[in-house]
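Chain and residue survey
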Amino acid sequence: MFEDLSKVILFSDMDGTLLTRKKEITQKDLDAIKRFTSLGGKFTVATGRTVQTFEQYRNMLDINIPIILFNGALIYDYSTKETLYMNPLPENAKDIALEILANMPEAGGEVLKADGTYVFRNNDYEQLHTDICKIVPNYSELKDIDSAGWLKVLFAMAPEEIPHMELLVHQSGYDSVSFVKSSDIFYEMLTEGISKGSALSEYRRIKGYEDYTFVAIGDFDNDLEMVQEADLGVCPANAEDSVKQKADLVLEKTCDEGAVAELIDYIISKHNS
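Here we summarise the structure given alongside this text. Owing to the predicted nature of the structure, the values given are computational and were not obtained by experimental measurement.

Here we come to the pairing of strand β6 (residues 108-113). Burial within β6 is extensive, with six of its six residues counted as buried. Residue alternation in β6 divides its side chains into two sets, Gly108, Glu110 and Leu112 and Gly109, Val111 and Lys113, and both sets are buried. Both β6 and strand β7 (residues 116-121) contribute to a ladder of five bridges, which runs antiparallel. By the bridge assignment for β7, Leu112 is matched with Thr117. Counting the residues that bridge the hairpin from β6 to β7 gives two residues.

Right under this line is the structure:
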């Protein structure tokens, strides 16, 4: 699998995987990524973040191949500033979001589009999200946000409220969209069938990447399909049990201890053996 490192792409989730709990990248991971790419390997990221909110990490990671954003709804090439793949939400996404908000008035949230982030209800948990992403969003009533080009909707709420929204969504039976929990306080709406895993499948169709070995590492529910789709699916020690059960390899290190570096050491050791 790793005979030729120049034909290996490592996809890493950000929050809880490459990023520590303090939203930093360890020097150990940065050094390992540089070592991996110097040997010919390719490194990129698969994240729920937007084009704008990933910008703060782009130069630090020196990524020069396409990146998966919006939890799989977009594949973007920063080097050419070209969108290679996009799957927006259906037109009725606004009606679905309005219905959910009417039933869960305590939830905050935002609409994420290619041109920016639109906050429609700013509770403490939503404010935490914009602070984490280090952006100044647009603020607008949900009904006033143009329904074209929505890539995902993020709902933010107290951890104990998430099961209520999950039950509401399940009972409503929306068939054109799907939902995924991306943290203890975030619950996201995407187009039905869209995930980091579906984006990985699309990535395999990009010209020049058809015959690569894909390694993917992630820690949470929104990484599950990606871990399963990869040729080698991996998770850090701090991953959710649901991800650990599906991963080919569960690492000993957490995101705070350099899990990505541990994975890179594993790949290089297999290449050398």
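This part covers the sheet that holds strand β13 (residues 232-235). Strand order in the open sheet formed by five strands is β2-β1-β12-β13-β14, with parallel pairing between adjacent strands. The outermost strands of the open sheet, each flanked by one partner alone, are β2 (42-45) and β14 (249-250).

Among the nonpolar cores identified, the biggest contains 65 residues, and Phe54, Leu61 and Tyr203 are the most heavily contacted of them. Sort the elements by how many residues they give to this core and helix α9 (residues 259-272) lands first, with seven residues. Tyr118, Val153, Leu168 and Val169 belong to the second largest nonpolar core, which has 26 residues in total.

To continue, consider helix α2 (residues 51-61). For α2, every residue scored as buried is listed here: Val51, Thr53, Phe54, Tyr57, Arg58 and Leu61. Down the axis of α2, the buried side of the element spans an arc of 145 degrees, and every buried residue falls inside it. Taken together, the buried residues of α2 touch α1 (27-38), β2, β3 (67-69), β4 (74-77) and α4 (124-133). Asp62 occupies a position one or two residues after α2 and carries a positive phi of about 55 degrees.

As a further point, take the sheet that holds β4. If you walk across this open sheet you meet the three strands as β3-β4-β5, and the pairing is antiparallel. Here the strands that pair on one side only, and so sit at the sheet edges, are β3 and β5 (82-86). Going across the sheet, the axis of each strand differs from the next one's by a mean of 30 degrees, ignoring polarity. Here β4 pairs with β5 via four bridges, running antiparallel. What sits directly across from Ile75, in β5, is Tyr85. Of the strands in this sheet, β3, β4 and β5 are in contact with helix α6 (residues 196-203), which crosses β3 at around 145 degrees.

Secondary-structure assignment places Thr26 in the loop between β1 (8-12) and α1. According to the relative accessible area criterion, Thr26 is buried, its value standing at 16%. The contacts of Thr26, once residues within four sequence positions are left out, are Thr20, Cys255, Asp256 and Gly258.

Attention now goes to α4. Side chains of residues three or four places apart in an α-helix project in the same direction, reflecting 3.6 residues per turn. All of the buried residues in α4 are Glu126, His129, Thr130, Ile132 and Cys133. What you see down the axis of α4 is that its buried residues fit within an arc of 160 degrees, all on one side. On its buried face, α4 sits against α2, β6, β7, β9 (150-156) and β11 (186-191). The backbone nitrogen of Tyr125 lies 3.2 Å from a side-chain oxygen of the residue at the head of α4, namely Asn123. Lys134, located one to two residues past α4, shows a positive phi value of around 55 degrees.

To continue, consider the environment of Arg205. Examined against the element boundaries, Arg205 turns out to sit in the loop between α6 and β12 (213-217). Sequence separation between Arg205 and Leu168 is 37 residues, and the spatial gap between their C-alpha atoms is 36 Å.

Reading the values: rules and limits
- The residue numbers shown here count from 1 along each chain, following its written sequence.
- Totals for whole chains, interfaces and linings use all residues, but because this is a predicted model, local features are given only for residues with pLDDT of at least 70 and pairs of side-chain atoms are given and counted only at 80 or more.
- By convention in this description, side-chain values take in all heavy atoms of the structure and omit both hydrogens and water.
- Summary of the burial criterion: residues with accessible area below 20% of their type's maximum are buried, those above 50% are exposed, and those between are partly exposed, where the area comes from a 1.4 Å probe applied to protein chains only.
- A helix here means a DSSP run of H or I that spans at least four residues, while a strand means a run of E at least two residues long, and both kinds are numbered starting from the N terminus.
- For two strands to count as paired, DSSP must find a minimum of two bridges between them.
- Nonpolar cores were defined as sets of buried Ala, Val, Leu, Ile, Met, Phe, Trp, Tyr and Cys residues, with membership established by side-chain atoms within 4.5 Å.
- Taking the helix axis as origin, the arc is that swept by the directions to the C-beta atoms.
- The contact criterion used is simple: two residues touch if any of their non-hydrogen atoms lie within 4.5 Å.
- A fitted line through C-alpha atoms serves as each axis, taken over the contacting stretch for helices, and the angle formed by two N-to-C directions is quoted from 0 to 180°.
- Any N or O atom pair separated by 3.5 Å or less is treated as a polar contact, with the protein-specific requirement of one donor-capable and one acceptor-capable atom, and with residues adjacent in sequence counted only for side-chain atom pairs.

It is worth stressing that arrangement in space is one thing and function is another; only the former is reported here.
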